[in-house]
Structure formats: structure tokens, C-alpha cells
Amino acid sequence: MNIISTQTHLKRLGEAVFSIEDHCVELFEAMKLLEYAANLTRIEYSPFSEAGMYCKGIFEDELIEQQTMEAYLLHLSIFSMSWMGLESIINEVLHQDKEKSPQHKGKIHALCSQLKSYSSKITVPREYKKCLSDWKKIEKELNDKYKYKNSTPPSVDLAGEGIYRVYTLRNHLFHGDFTCILPSDPLWNNYIQSLKLGTRIIAFTIQMFLMAHFSDKKYIATWWHGSLQEYTDQICIERAFKLLHLEWV
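Not measured: the values here are computed from a predicted model.

1. A closer look at the overall build of the protein
Phase 1: Scanning the protein from N- to C-terminus turns up eight helices and two strands.
Phase 2: Secondary structure elements in the protein, listed N-terminal to C-terminal, are α-α-α-α-α-α-α-β-β-α.
Phase 3: Out of the 249 residues in the protein, the part that is buried amounts to 47%.
Phase 4: Residue pairs in contact within the protein that sit at least 24 positions apart in sequence constitute 73% of those at least 6 positions apart.
Phase 5: Accessible area for the protein stands at about 13,000 Å²; split by element, carbon and sulfur atoms hold 50% of it.

2. Let's talk about the environment of P186
Phase 1: Topologically, P186 is positioned in the loop between helix 6 (158-174) and helix 7 (188-213).
Phase 2: When its relative accessible area of 77% is taken as the criterion, P186 is described as exposed.
Phase 3: C-alpha of P186 to C-alpha of N143: the two residues are 43 residues apart in sequence and 9.8 Å apart in space.

3. Some remarks on the packing of aromatic side chains
Phase 1: All told, the structure shown has six aromatic pairs when counted by the stated rule.
Phase 2: Aromatic side chains W83 and Y167 sit 5.9 Å apart centroid to centroid with 5° between the ring planes, which places their arrangement in the stacked category. On the criterion of sequence distance, the pair formed by W83 in helix 3 (residues 56-93) and Y167 in helix 6 is long-range, its members being 84 residues apart.
Phase 3: Using a relative accessible area of 21% as the deciding quantity, one classes Y167 as partly exposed.
Phase 4: Judged by centre distance (6.0 Å) and plane angle (65°), the rings of Y128 and F204 are edge-to-face. With Y128 in helix 5 (residues 126-138) and F204 in helix 7, the pair connects residues that are 76 residues apart, well separated along the chain. The burial state of Y128 is the same as that of F204; both residues are buried.
Phase 5: Taken together, the aromatic side chains of F79, W83 and Y167 make up a single cluster linked through ring pairs.

4. Some details on helix 5
Phase 1: Taking 1.5 Å of rise per residue, the 13 residues of helix 5 would be expected to cover 18 Å, and the 19 Å separating its terminal C-alpha atoms lies within 8% of that figure.
Phase 2: The inward-facing, buried residues of helix 5 abut helix 6 and helix 7.

5. Regarding the nonpolar core
Phase 1: Membership of the largest hydrophobic core comes to 66 residues, with the highest contact counts inside it found for L86, F209 and L210.
Phase 2: Those elements that place two or more of their residues in this core are helix 1 (6-17), helix 2 (28-38), helix 3, helix 4 (107-117), helix 5, helix 6, helix 7 and helix 8 (237-243).
Phase 3: Counting residues per element, this core draws most heavily on helix 7, at 15 residues.
Phase 4: Not counting chain neighbours up to four residues away, the residues in contact with L86 comprise I108, L111, I163, I202 and I206.

6. Concerning helix 6
Phase 1: Between the first and last C-alpha of helix 6 there are 25 Å, a value that for 17 residues agrees with the 24 Å anticipated at 1.5 Å per step.
Phase 2: Burial runs high along helix 6: 14 of the 17 residues are buried.
Phase 3: N-cap assignment for helix 6: the residue whose side-chain oxygen lies 3.3 Å from the backbone N of A159 is D157.
Phase 4: One or two residues past the end of helix 6 sits G176, with phi positive at roughly 85°.

Conventions and cut-offs
Residues numbered from 1 in each chain as written. Predicted model: local features only at pLDDT ≥ 70, side-chain atom pairs only at ≥ 80, totals over all residues. Heavy atoms only, no water. Helix = DSSP H or I, 4+ residues; strand = E, 2+ residues; numbered from the N terminus. Buried < 20%, exposed > 50% of the residue type's maximum accessible area, 1.4 Å probe, protein only. Contact = heavy atoms within 4.5 Å. Areas by Shrake-Rupley, 256 points an atom, 1.4 Å probe, with all protein chains shown as cover. Phe/Tyr/Trp six-rings, centres within 6.5 Å; stacked < 30°, edge-to-face > 60°. Expected span 1.5 Å × (residues − 1). Core = buried A, V, L, I, M, F, W, Y, C linked by side-chain atoms within 4.5 Å. Polar contact = N/O pair within 3.5 Å; in protein donor to acceptor, adjacent residues only side chain to side chain.

Structure below.
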């Protein structure tokens, strides 16, 4: 089975959660954020100037800028909305019981600690491992301001390593360290690829966390994708989330 697109992956997370026994409506806001990210298809950006109206060369340059910037801004928006969904899940689930990880300051550190404590309930997808390997390569190919992680703390295991590393990208973006990125930058494609890969790791992290968090539930309904399991309208939580990122035939 092949892996589905990242945006379809995000959309399925919401569909799956609302199909779990009791519908899990406490995650409604988080899943809506993922739905927004999943359905972003276009960002409009207009660099056109008055000078471009009179000079063909300037107009052509501005047209190229429009096309490249729209692609970058689209992936930036999908990444940002996905991260918002992740943090909403952390707010709703982890912070309900602060005694679970009192030694950790910050949402992502708390999430990583919780993922490690859930390790016996998590099946780590091999496709996630491939994404993590690719991330370790691309994070070294961003600009000099980007301080990638050389190692991970004891509270972070394989399931949490991806989001722990992508957290650095999130901080660089949200704190303004990647300002004035231009298509002429030789690392331009690396920025776009890091956003796409980072969003996929966010999706996998949510998938693994939900697999463990809902492990005490009895079933997930298969109405949202009937080919998940033939001849039945229910499937166990572990199997559903284990296959969630894959095409089913």
C-alpha cells in the first residue's frame, strides 16, 4: 500500500477521531484546525507593480515571484495550521492532568514525554521512520541561523523525535528567523521541502499519539472509509491508526 498525500493524511485524522466510540467530541476544535489545513489549496500573492505594466522584463520577474511565493506561502500556511491543531490536542489532552509530566516545561516536551510513556501502545509506522531520516538530512541544509538538534534528551524516544526536531523549525518560523526569504535564495527549495516534510511529521505524531490515547476504546467505525475493513462496520483502534496513512484498495 502506498502512502497518501499529507493533506489527505490530515483530513483522515479528523475523520477517524469522530468515528471512535463515543465520537470524542472533546477534540472537535483540534480536528477542525487539521481540516482547515487539509483543505487549503491556494494562496494568492500579488507582487505586481506599476513598473511591471510598462516593462516586460519586470512583469516576467514579478510573474515568477508570484508563482514561487504562492507555493511557499501555501505550504507555510498548511504547516502553521497543522501545528495549531497539534497544540490544540496537547491543550485538551495533556494539560488536563498536569501531574503526568510536571517536570517538563512546554507543550512539545510534555508531548514527547507522554509519547515515550505510551511506547507499548504505539506502533511506529515505517513511513514515519523514513520521514525522520529525511528530516535529519534536510535540517542540516537550511541557513546558518538554523540550529538543528545534534541529540535528543532522555525524555524523547523514536515516536517523539520527529516532532522534537521539527519544533526547531516551528520556532525559527514563528520567531522571525526566516524573514525575507526570497525565491532567489539558493536554499529556497530546501525551505519548501522542510515545510512539507515537517507537516507530514506533525501528522504522524498526532496519529501515534491518538493511537495510544484512545487505546482503551473498543472500536472505530469504518463508515468514513469502508475499505479499511471489509464485511464489518467496526475495527480495533490499533489497526485503524496503524493503517491510517496508507491507501486502501
